[in-house]
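Structural characterization, general
Given next are the chains, with one letter for each unit.
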2 protein chains.
Amino acid sequence: MRVKLIVAYDGTAYHGWQIQNNGISVQQVLNETISEFFGQEIKVVGASRTDTGVHAKGNVAAFDVDTKMPAEKIAYALNRSLPDDIVITESSEVPADFHPRFHKGRKTYEYRILNRTFPDPVRRHYSLFYHYPLDEKKMNEAAQYLVGEHDFTTFSSIHSQSATFVRTVYVCEVSRRGDEILLHIEGNGFLYNMVRIITGTLLEVGGGRMEPSHVGEILEKKDRSLAGPTAPPEGLTLIGIEYL
Amino acid sequence: MRVKLIVAYDGTAYHGWQIQNNGISVQQVLNETISEFFGQEIKVVGASRTDTGVHAKGNVAAFDVDTKMPAEKIAYALNRSLPDDIVITESSEVPADFHPRFHKGRKTYEYRILNRTFPDPVRRHYSLFYHYPLDEKKMNEAAQYLVGEHDFTTFSSIHSQSATFVRTVYVCEVSRRGDEILLHIEGNGFLYNMVRIITGTLLEVGGGRMEPSHVGEILEKKDRSLAGPTAPPEGLTLIGIEYL
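Please read all numbers here as calculations on a predicted model, not as lab measurements. Think of each chain on its own: its residues are numbered from 1, step by step along the sequence as written. Here chains are named by letter from A upward and ligands by number from 1 upward, in the order in which they appear as written. The predicted origin of the model limits local features to residues at a pLDDT of at least 70 and limits the giving and counting of side-chain atom pairs to 80 or more, whereas totals for whole chains, interfaces and linings rest on all residues. Hydrogens and water molecules were not included; the side-chain quantities draw on all heavy atoms of the structure.

1. Some remarks on the domain arrangement of chain A
Residue and element names in this part refer to chain A. The source of the domain bounds is an automatic or database domain assignment. The domain boundaries assigned to chain A delineate domain 1 (2-94) and domain 2 (105-243). When each unit is reduced to the centre of its C-alpha atoms, the spacing between domain 1 and domain 2 is 27 Å. In what follows, residue pairs with any heavy atoms lying within 4.5 Å of each other are defined as contacts. At the interface, 16 residues of domain 1 touch 16 residues of domain 2. Buried area: the sum, over both parts, of the accessible surface (1.4 Å probe) that disappears when the two are put together. Buried area between domain 1 and domain 2, both sides added, is near 1200 Å², and the carbon and sulfur share of it is 53%. Looking at the side of domain 1 facing domain 2, the largest losses of area belong to D51, V54 and H55, adding up to 36% of the total buried there. Any carboxyl oxygen of Asp or Glu that lies within 4 Å of a side-chain nitrogen of Lys or Arg is treated as forming a salt bridge with it. Where domain 1 meets domain 2, there are one salt bridge. The residue D51 makes a salt bridge to R196 at a minimum N-O spacing of 3.3 Å. Throughout this description, a polar contact denotes any pair of N or O atoms lying within 3.5 Å of each other; where both atoms belong to protein, one of them has to be capable of donating a hydrogen while the other can accept it, and for residues adjacent in sequence the pair is counted only when both atoms sit in side chains. Our count for the contact surface shared by domain 1 and domain 2 stands at eleven residue pairs in polar contact (both at pLDDT 80 or more).

2. Things to note about the pattern of salt bridges
With the rule as written, the count across this model stands at 26 salt bridges over all chains. Among the salt bridges present, the one from K43 of chain A reaches E41 of chain A, with a minimum N-O distance of 3.9 Å. Relative accessibility under 20% of the residue-type maximum defines a buried residue, over 50% an exposed one, and the middle range a partly exposed one, all with a 1.4 Å probe and only protein chains included. Classification of K43 of chain A as exposed rests on a relative accessible area of 60%. Among the residues examined, E41 of chain A registers a relative accessible area of 70% and is labelled exposed. The closest approach of N and O atoms between R112 of chain B and E180 of chain B, which form a salt bridge, is 2.5 Å. Here R112 of chain B is found in strand β5 (residues 105-114), whereas its partner E180 of chain B is found in strand β9 (residues 180-187), with 68 residues between them in sequence. Under the relative-accessibility criterion, E180 of chain B is labelled buried at 5%. Comment: elements are numbered from the N terminus, with helices defined as DSSP H or I runs of at least four residues and strands as E runs of at least two.

3. Remarks on the relation of the copies chain B and chain A
Copy-to-copy alignment: least squares on C-alpha atoms, limited to residues at pLDDT 70 or above in both. Rotating chain B by 180° and translating it 0.0 Å along the rotation axis places it on chain A, where the RMSD comes to 0.0 Å. On the angle and the small slide along the axis, the relation comes out as a two-fold axis. A shared interface surface links the copies, since 100% of the contact residues of chain B are contact residues in chain A too.

So this is what it looks like as structure tokens:
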């Protein structure tokens, strides 16, 4: 049967989701743990190849396995063997044609910015520390230019290997909650580094170095060099994927 | 001059506040960093000797130094040399008789319990994961028996070396916020392991193994063996100390 997993992880210790030569990845740990558990060579396929240091509350993976164990119990069984920075929060049986990456879905990411005078030791791996004042209302105003179907070349890494740079952003909201500024973004897919480049650009707006309307203008120019820098990974979390 | 520091730290990597032979402590890192910075041997005195794995948002330390640097700037200067799991959030000059531990103050601690089916990787060092259902209303009802001036022998480790076990608890409240249960406790001082033993006892109440009123009864008996187990350190944070 094909099993779908919802996977949460603290990305701090991993070289991202995807198997790498230069460091341990979440995918590699899952492959090894699941193969060992079932006594079969198992390879998981993931929905989102999150980068080094990026976290997930609900990444999605799938694998095929020959077992009589009820799919719902697999999460509990695997969590006993997984390291404590990777937790499977749900396992379920899915049709054999389900593919976490190619199936259409709605992805939600969150980027957390700790905006105050001093860093917070317990949040240092889970938010970007930014000590200059930020105007979250202007950031939110700028964010609205990104909502809709657009070519997001301006907000994509030059290393992106996508066939098309057109994506649809359903929601892009910036709000302040206590000492944190949160970017909440939902879309049908995101290009390589897209959320981090959007964040880096909104930080320019929040800091007064770019007008909100300029974000709409640079989006149309399809030129990465016009956007802000790529924000660091630790503030980013893949919240979840809702399949359509 | 005598300098007061407000110190935040992630206790995960430390053998507590106080200098130990068997591992690195927050106090040791501060002594070394501050001595190096001023080129003088400096020894800080702390308000609370938090245990291994316990965090602080606002522990207080003080030291004497011969310097012309304005006291308020010391925090910024030291943060440049401190590891990123220790942050000084305030430095100020205090009278020469100020002592962080012996000066009367009001201490606030918080204990976080993650109460849901699966653990959360990004909160694993900052909350106790507890997957059985908990009745936070009963926990809060039980907590009210602890408010006031009492002999807290029942809720103190047998290793406590205090001269008196009488302490005053001003506030003791349990509430649920999303998937977390929070214990918020304020008092004029806490015995060794007191907040963690209170938490361990309230977990017995929350899980239905002890009646709320029983907490009042065991408090009067002054017998540690009647209380619940000592809850693990990772859920505990010293929020702050307000000097009177």
